[in-house]
Amino acid sequence: MKTKLALAAVLAALALTACAKKEEAATAVDAAATDAAAAATDAAAVATDAAAVATDAAVDATAAAATDAAAVATDAAAAATDAAAAATTAVEEAKK
């Protein structure tokens, strides 16, 4: 009888030890998940900052391209004005 009681006590001790180890493992998994979530949040913040910089660069590039296009259009308008003036002069010379 004492042997059975001792054996039951040993089995109970082993069962409690196993349960304690499972709780420690669960705590470690929770800590790792929390760390991973924090790292993902930090990465999202960095990505957001990078997107803002890229947007600013795109706006600057678009403004520069629009300025260049306006300069080309101005030059074309000036050339058209010069051509019209030359045509007017040619017509007046032809009338003489």
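Scope of this entry: the structure provided in the associated data block. (Residues numbered from 1 in each chain as written. Predicted model: local features only at pLDDT ≥ 70, side-chain atom pairs only at ≥ 80, totals over all residues. Heavy atoms only, no water.)

## Some thoughts on the overall build of the protein chain
Next up, step 1: What the protein chain contains, in helices and strands, is 1 helix and 0 strands.
Next up, step 2: Sorting the 96 residues of the protein chain into buried and exposed places 0% on the buried side. (Helix = DSSP H or I, 4+ residues; strand = E, 2+ residues; numbered from the N terminus. Buried < 20%, exposed > 50% of the residue type's maximum accessible area, 1.4 Å probe, protein only.)

## Focus: the environment of Thr89
Next up, step 1: Structurally, Thr89 can be placed in helix H1 (residues 2-95).
Next up, step 2: Only 2.9 Å separates the side chain of Thr89 from the backbone oxygen of Ala85, close enough to count as a polar contact. (Polar contact = N/O pair within 3.5 Å; in protein donor to acceptor, adjacent residues only side chain to side chain.)

## Thoughts on the environment of Thr74
Next up, step 1: Tracing the backbone shows Thr74 in helix H1.
Next up, step 2: Relative accessible area serves as the criterion here: at 52%, Thr74 is assigned to the exposed category.
Next up, step 3: Separated by 2.9 Å, the side chain of Thr74 and the backbone oxygen of Ala70 make a polar contact.

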